[in-house]
Amino acid sequence: MHRLLDFVVEAERGGFTSTMTSDHFHPWWHDNAYGNFTWVWLATAAERTKKMKFVTGVTSPVYRYHPAIIAQSFASLDTLYPGRIALGLGTGEALNELPLGFSWPSGGVRLERTREALEIIRSLWQSKEGDDEKEEKTNGAQGFHKSKTTEKHIKIDRDGFVTYYGKYYKIRKAKLYTPPVERIPLYFATAAKNSAKVAAEYSDGLVTFLKAEEAEPLLSLFDKAAEAKGRNPSSLEKIVEYKVSYDEDYEKAFQSSMFWRATMIKNVFNSKIADPRELEEKANREVSDETIKKSIQITSSIEDCIKSIEAYVKAGFTRVYVHSTSPDEINFINNFCQKIIPYFAKR
C-alpha cells in the first residue's frame with residue numbers, strides 16, 4: 001500500500017494527471033501478493049496528491065457492495081476531493097464474491113444486477129427536491145437515460161428521497177444527506193456486446209482491456225448504441241488499459257510481468273475460481289510465456305510505448321491508462337514522464 005502511494009505521488013510530480021486503481025477482495029496471484037481495500041487507499045492517495053484524479057477500475061456492485069453504499073462512499077470522496085473522483089463499474093469476478101459466501105451467477109445475471117446498481121447510484125447522486133408525482137428524473141446532457149423498467153421502478157419524492165424496486169435491488173426512501181459536490185463521472189467496463197450497449201445507454205464512457213486491433217468492432221458498436229439512445233458518441237469517453245513492463249534488462253521486465261499471468265487464463269473473468277493459489281497453479285499450467293508477451297508489452301526501450309499508445313488513439317480511444325508491471329516502478333515513471341508524456345503533450 002505504501003509503495004503504491006509513493007508511485008502515485010511520483011507520477012503526479014512527473015506529469016500524470018489521473019490514476020486508475022483496481023477494486024478487489026482477493027488478488028489474481030498468491031505468491032508475494034497484496035490486497036488492500038481500495039476505497040481507503042484512494043482517499044489516502046487523494047490526500048497525498050494535489051490535483052491527481054482517481055477512478056476505480058473497476059468496482060463491482062454484484063453482491064459485496066450494495067449500490068447505495070457505493071453511491072454514498074463516492075459522494076463522500078467527491079465532497080472531500082471535488083472534481084477528482086470517478087467511479088468505474090463492472091460485472092466483477094468470482095474472486096471478489098465467493099470468498100465472502102456469495103454465489104457466482106451467469107454473466108447475464110451479473111449484467112442485470114450491475115445495470116440496476118447503476119440506476120440506483122445515478123438516482124441517489126442526482127436526487128433533488130421534487131414533485132411527489134414524478135417518476136425518476138433524467139438529464140440527457142449529463143448522460144443518464146431512463147429505461148422502461150426504471151420508469152416503473154424509480155421514484156423521487158418532493159424531499160429528494162429515492163425509492164427503487166428492481167428485480168435484484170430495492171431501496172426505500174433513501175437519500176444521500178452528503179451528496180456529491182461535483183458531477184461524478186461513471187464509467188462501465190466492457191469487453192462484449194451486451195455490456196457495451198449498457199455502457200452506451202447509462203454511462204459516461206466505457207473501460208476495456210482489449211488490444212487496439214481487437215477493440216474497433218466494440219467501439220463501433222458502442223457508438224451506434226449511443227446514437228440509438230439519442231446520445232452523442234463524441235461526448236463519451238473510451239478508456240483502455242495498456243499493460244507494459246519496462247526495464248533496461250528485458251528478462252527482468254519479463255519476469256516482473258508474471259504476476260498477471262492468471263488474468264490470461266482462458267475465460268477467467270467468468271470462471272468460478274476464487275482462490276489465488278488455484279489461479280496461480282492453473283496459470284502456471286495453462287498460460288505460456290508467449291501468451292504473456294502478447295498480452296503485456298515487454299520492452300527494454302521506453303520509446304516503444306509511443307507506438308502502442310498511438311495505436312490505441314488511432315483505434316478511437318480517448319484515454320489510455322498505463323498499467324505498468326515493471327520491476328522498478330519509480331524508474332518506469334521517471335522514464336515515461338521524461339520521454340513519453342512530452343511527446344504526446346505536443347500533440
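Sequence order as written defines residue numbering, which begins from 1 separately in each chain. The predicted nature of this model means local features are confined to residues of pLDDT at least 70 and side-chain atom pairs, given and counted, to a pLDDT of 80 or more, with totals for whole chains, interfaces and linings taken over all residues. The basis for every side-chain value is the complete set of heavy atoms in the structure, and neither hydrogens nor water enter the calculation.

Asker: How should the overall build of the protein be read in this particular structure?
Answerer: A run of H or I in DSSP counts as a helix once it spans at least four residues, and a run of E counts as a strand once it spans at least two, with each numbered from the N terminus. For the protein, the helix and strand inventory stands at 14 helices and 11 strands. C-alpha atoms define the radius of gyration, and 2.2 Å times the number of residues to the power 0.38 defines the globule rule. Relative to the 2.2 N^0.38 estimate, which gives 20 Å for 347 residues, the radius of gyration of the protein is 20 Å and therefore close to what a compact globule would have. If you line up the protein on its principal axes, its C-alpha atoms span 65 × 45 × 40 Å. Three exposure classes are used, based on accessible area relative to the maximum for each residue type with a 1.4 Å probe and protein chains only: buried under 20%, partly exposed in between, and exposed over 50%. Residue burial in the protein is summarised as follows: out of 347 residues, 52% are buried. The contact criterion used is simple: two residues touch if any of their non-hydrogen atoms lie within 4.5 Å. Sequence-distant contacts, at least 24 apart, represent 74% of the contacts inside the protein between residues at least 6 apart. Computed with a 1.4 Å probe, the accessible areas rest on the Shrake-Rupley method; for each residue, only the protein chains presented here act as cover. Here the protein has roughly 16,600 Å² of accessible surface; of this, 49% comes from carbon and sulfur atoms. The distance from the centre of the 49 positive side-chain charges to the centre of the 47 negative ones in the protein is 5 Å. Counted charges follow a simple rule, with Lys and Arg positive, Asp and Glu negative, and His plus the chain ends left uncounted. Positions of charges follow a simple convention, taking NZ of Lys, CZ of Arg, CG of Asp or CD of Glu.

Asker: What is the right way to look at unusual backbone geometry in this model?
Answerer: If a residue is not glycine, its phi is most likely negative; likewise, a peptide bond is most likely trans. In this chain, Gly57 is followed by Val58 through a cis amide linkage whose omega measures 0°. Phi is positive for Lys173, which is not a glycine, with a value near 45°. Along the chain, the position of Lys173 falls in strand β6 (residues 170–174). With phi around 60°, Asn267 is a residue other than glycine that occupies positive phi space. Within the element layout of this structure, Asn267 appears in the loop between α9 (250–256) and α10 (276–286).

Asker: Could you clarify how one ought to interpret the nonpolar core in this entry?
Answerer: Most often, soluble globular proteins have nonpolar side chains that are buried together. Counting 72 residues, the largest nonpolar core has Phe74, Leu124 and Trp125 as the members making the most contacts within it. Among all residues touching Trp125, those that are not within four sequence positions of it are Ala71, Phe74, Ala75, Leu87, Leu176, Pro180, Ile184 and Leu186. In this structure, Ala253, Ala262, Ile265 and Ile292 belong to the second largest nonpolar core, which totals 20 residues. Side-chain atoms within 4.5 Å are what join buried Ala, Val, Leu, Ile, Met, Phe, Trp, Tyr and Cys residues into a set we call a nonpolar core.

Asker: What am I meant to see in helix α2 (residues 38–48) here?
Answerer: Every α-helix winds through 3.6 residues per turn, so residues three or four apart in the chain are directed the same way. All of the buried residues along α2 are Thr38, Trp39, Trp41, Leu42, Ala45 and Ala46. For α2, the angular spread of buried residues about the axis comes to 155°, placing them on one side. On the buried face of α2, the contacting elements are α1 (2–14), β1 (18–21), β2 (53–56), α3 (67–80) and β3 (85–89). Comment: arc refers to directions from the helix axis out to C-beta atoms.

Asker: Any chance you could explain the side chain of Thr49 here in plain terms?
Answerer: Secondary-structure assignment places Thr49 in the loop between α2 and β2. One polar contact links the side chain of Thr49 to the main-chain carbonyl oxygen of Ala46, over a distance of 3.4 Å. For this analysis, a polar contact is any N or O atom pair within 3.5 Å, provided that within protein one partner can donate a hydrogen and the other can accept it, and provided that sequence-adjacent residues contribute only side-chain to side-chain pairs. Within the local environment of Thr49, its side chain forms a polar contact with the side chain of Arg84, the two groups lying 2.7 Å apart. Other than its neighbours up to four places away in sequence, Thr49 contacts Val8, Val9, Glu12, Phe54 and Arg84.

Asker: What should I look at first to understand the pairing of strand β7 (residues 186–189) in this one?
Answerer: Across a regular strand the side chains alternate sides, sitting on one face of the sheet and then on the other. Any two strands with at least two DSSP-identified bridges between them are counted as paired. As judged from the three bridges shared by β3 and β7, these two strands associate in the parallel manner. Among the inter-strand pairings, Gly88 is bridged to a residue of β7, identified as Tyr187. Handedness rule for crossovers: strands pointing away from the viewer, path from the first strand over the helix to the second running clockwise, crossover right-handed. Where the polypeptide runs from β7 across helix α7 (residues 193–202) and back to strand β8 (residues 205–208), its parallel neighbour, the crossover connection is right-handed.

Asker: Help me out: how do you make sense of the state of the cysteines in this one?
Answerer: Put plainly, two cysteines are in a disulfide when a covalent bond ties their sulfur atoms together. Cysteine sulfur atoms are paired as a disulfide whenever they fall within 2.5 Å. Enumeration over the complete set of coordinates arrives at zero disulfides. Free cysteine Cys305: the closest other cysteine sulfur is in Cys337, separated by 11 Å.

Asker: What's the story with the pairing of strand β9 (residues 237–246) in this structure? I'm lost.
Answerer: Of all the 10 residues making up β9, eight are buried; the element is thus mostly covered by neighbouring parts of the structure. Where β8 meets β9, four bridges bridge the pair, whose relative direction is parallel. Along β9, the bridge assignment pairs Val207 with Ile239. As judged from the six bridges shared by β9 and strand β11 (residues 319–324), these two strands associate in the parallel manner. Note on β11: the bridge partner recorded for Val244 is Ser324. Bridging between β9 and strand β10 (residues 297–299) involves three bridges; their strand directions are parallel. Residue pairing for β10: Tyr246 is matched across the bridge by Thr299.

Asker: When you look at the pattern of salt bridges in this model, what are you seeing that I'm missing?
Answerer: Once their charged atoms are close, side chains differing in charge can pair, the charge on each being opposite to the other. Salt-bridge detection follows one rule: a side-chain nitrogen of Lys or Arg within 4 Å of a carboxyl oxygen of Asp or Glu. Using the criterion set out here, one finds 14 salt bridges in the structure. Among the salt bridges present, the one from Glu201 reaches Lys229, with a minimum N-O distance of 3.9 Å. Here Lys229 lies in the loop between α8 (212–228) and β9 and Glu201 lies in helix α7, a separation of 28 residues in the sequence. For Lys339, the salt bridge identified is with Glu303, shortest N-O distance 4.0 Å. Residue Lys339 is found in helix α13 (residues 329–339), and its partner Glu303 is found in the loop between β10 and α12 (304–315); the two are separated by 36 residues along the sequence. The structure contains a network of salt bridges with shared partners spanning Arg115, Glu201 and Lys229.

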